[in-house]
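Summary of the model geometry
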Amino acid sequence: MEQGADMDAQMLFREGITALRDKHDPLQARQLIQQSLKLNPENDMAWLWLSRTTDDPQKQLRCIERALKVNPTNAQALTLRAKLLIAAQSQVNANLDWRARLEVVNTPMLISDEAQADPIPEPAQTRTPLTPSPADQQQIARILTRADQLLAQNDVEGALENWVQVLDLQADHPLAMQKAVRYLFKLNYRDDARELIWRALEAGTTSLPIHMTAIDIARHQGDHVEADDLREKVILLPNADDDLISKMIDVFLDDGQPQRAAELLERVVALRPDSQKLLLKLGEIYEQKLGRKAESMLYYERAARLKTHSKEGKDAEQVLRNFTPIVTDRERGSIPLALREALGFGAVFLLLGWQDAGLNLLNMGSERWLGVGLSILGGYLLVTALSSPQQKPVAAWLGGHVPENRPAPPAPKQQVLYQDDMLASGAVQEPTHIPIIPPALRVLITLVGTIVLIGAFILVFSMSIQLLRSPVAPFVPSINDLLTETAP
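The structure presented is a predicted model; accordingly, all values stated were derived computationally and were not measured.

Moving on, we get to unusual backbone geometry. For the bond running from Lys 392 to Pro 393, omega is 0 degrees, close enough to zero to count as cis. Of note, Pro 393 is situated in the loop between helix H20 (365-386) and helix H21 (394-397). Its identity as a non-glycine residue notwithstanding, His 24 has a phi of 55 degrees, on the positive side. Relative to the elements of secondary structure, His 24 occurs in the loop between helix H1 (3-21) and helix H2 (26-39). With a phi close to 60 degrees, Leu 359 is a non-glycine residue in the positive phi region. Topologically, Leu 359 is positioned in the loop between helix H19 (335-356) and H20.

If you want it as structure tokens, here you go:
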């Protein structure tokens, strides 16, 4: 974190404490501390003070859990959490109706008639299952039918109670959740609706509608930290599509959190390596928001490599045209690319042979053509040893191993490595994951290739070499020869 942002976070944190302790203004304190946490979410004491700005035990417990996640040894947080759990248990009694029971901290299910005699809720690890058993599914169908009948009789309270019973059996049942939340909001029981949604979240639901509703609730309540945490969960959900992930990432970017957006997208593209849209998005963040073109090019290149003829792929290719080339495993391991370089040797030797044959290809003969072929072989050996020692599967056949990808040394302090400096040094090297021919064998291949090229040169340039070895004296006419030729 930059020093300026850290100072701002500390200043907002102190102002929040002052607003709560001296001015007794929990609303202002909450806003200030939330702003501080947006700049520095790793301040465990800020989370602890945030819990004191609300009287809602669930909110208090969530803030304390976040503080303990940052610092598990925070004694004040451990003490407060224990007090909250004890207070929550003492609220459970046989006369609580379903609405009050929803407010008990860490109670995963509504208390049945048989359990009302026991004031101790079930342990937190026995959360409501998200996948009901076949027997539970049958019971859910019966309860939903009864709820519809009660709703048809305008008994909304009775229908609500039945929908909540369904959510006891399946915490994220889509129909029961939708109807229960809708009518709870209509009846202005917003806290109860929120509790149903958070129970499903704590049970580990992957339901996108539930997560999106939770984000809306947190945003309208001004809890931006919790809204961002929920967006992060949505981004990492396996059933979230690329468009939704992109929209969630845009929220982080608009909120001034490009580094967090990039880190989240990196986690997503690791799970979805074939998503052109997300690869292009990540490249744009590194280029436009973080000013790290060299890293952005890696993701542009991966997006263009997929070759799906999509708009994202074309955009990635267009951007790559303006960038320094990148050396990837695709280029390192390509035999055709190595052969293309070797053909350059053949072209040079063909020109030598053509000159040696008197600028007539028909007079080259078999020896010169053999020399051209050997020049291609020798050139391929040199290219393999010197510039393409990771061809697949040649390198593996020759006993190669994947080299260790060592991180680049850190830049000196007080020196900023801008994108132009990074690109000026030549092609960017992508970390390699394919074998490379052992150094000793590469030296041997270099020697063999050099010998083959020497032999090829002797074959294609044989006439010229023979003339160099046995030069023929040029004919210089005498005066008599000249007079004889000019006489009538």
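Here H20 crosses helix H23 (residues 439-460) at 160 degrees, and the two axes come no closer than 7 Å. Considered as vectors, H20 and H23 are oriented roughly antiparallel to each other. As for how H20 packs across H23, the hand of that crossing is left-handed. A breakdown of the residues in the contact of H20 with H23 according to their chemical character gives 14 nonpolar, 7 polar and 3 charged.

Glancing now at the nonpolar core. Counting residues in hydrophobic clusters, the biggest one holds 60 residues, and the most contacted among them are Trp 163, Met 177, Ile 197, Ile 235, Ile 245 and Ile 249. With residues up to four places along the chain from it excluded, the contact list for Met 177 reads Leu 167, Ala 171, Leu 196, Ile 197, Ala 200 and Ile 210. The next biggest cluster of nonpolar side chains, apart from the first, holds 22 residues, and it includes Trp 49, Cys 63, Ala 67 and Leu 84.

Reading guide: rules and limits
- Residues numbered from 1 in each chain as written.
- Predicted model: local features only at pLDDT ≥ 70, side-chain atom pairs only at ≥ 80, totals over all residues.
- Heavy atoms only, no water.
- Helix = DSSP H or I, 4+ residues; strand = E, 2+ residues; numbered from the N terminus.
- Axes fitted to C-alpha atoms, helices over the stretch in contact; angles between N-to-C directions.
- Parallel < 35°, antiparallel > 145°, perpendicular 65-115°, else oblique.
- Left-handed = near helix turned anticlockwise from the far one by under 90°.
- Nonpolar A, V, L, I, M, F, W, Y, C, P; charged D, E, K, R; others polar.
- Core = buried A, V, L, I, M, F, W, Y, C linked by side-chain atoms within 4.5 Å.
- Buried < 20%, exposed > 50% of the residue type's maximum accessible area, 1.4 Å probe, protein only.
- Contact = heavy atoms within 4.5 Å.

That is the geometry; function is a separate question.
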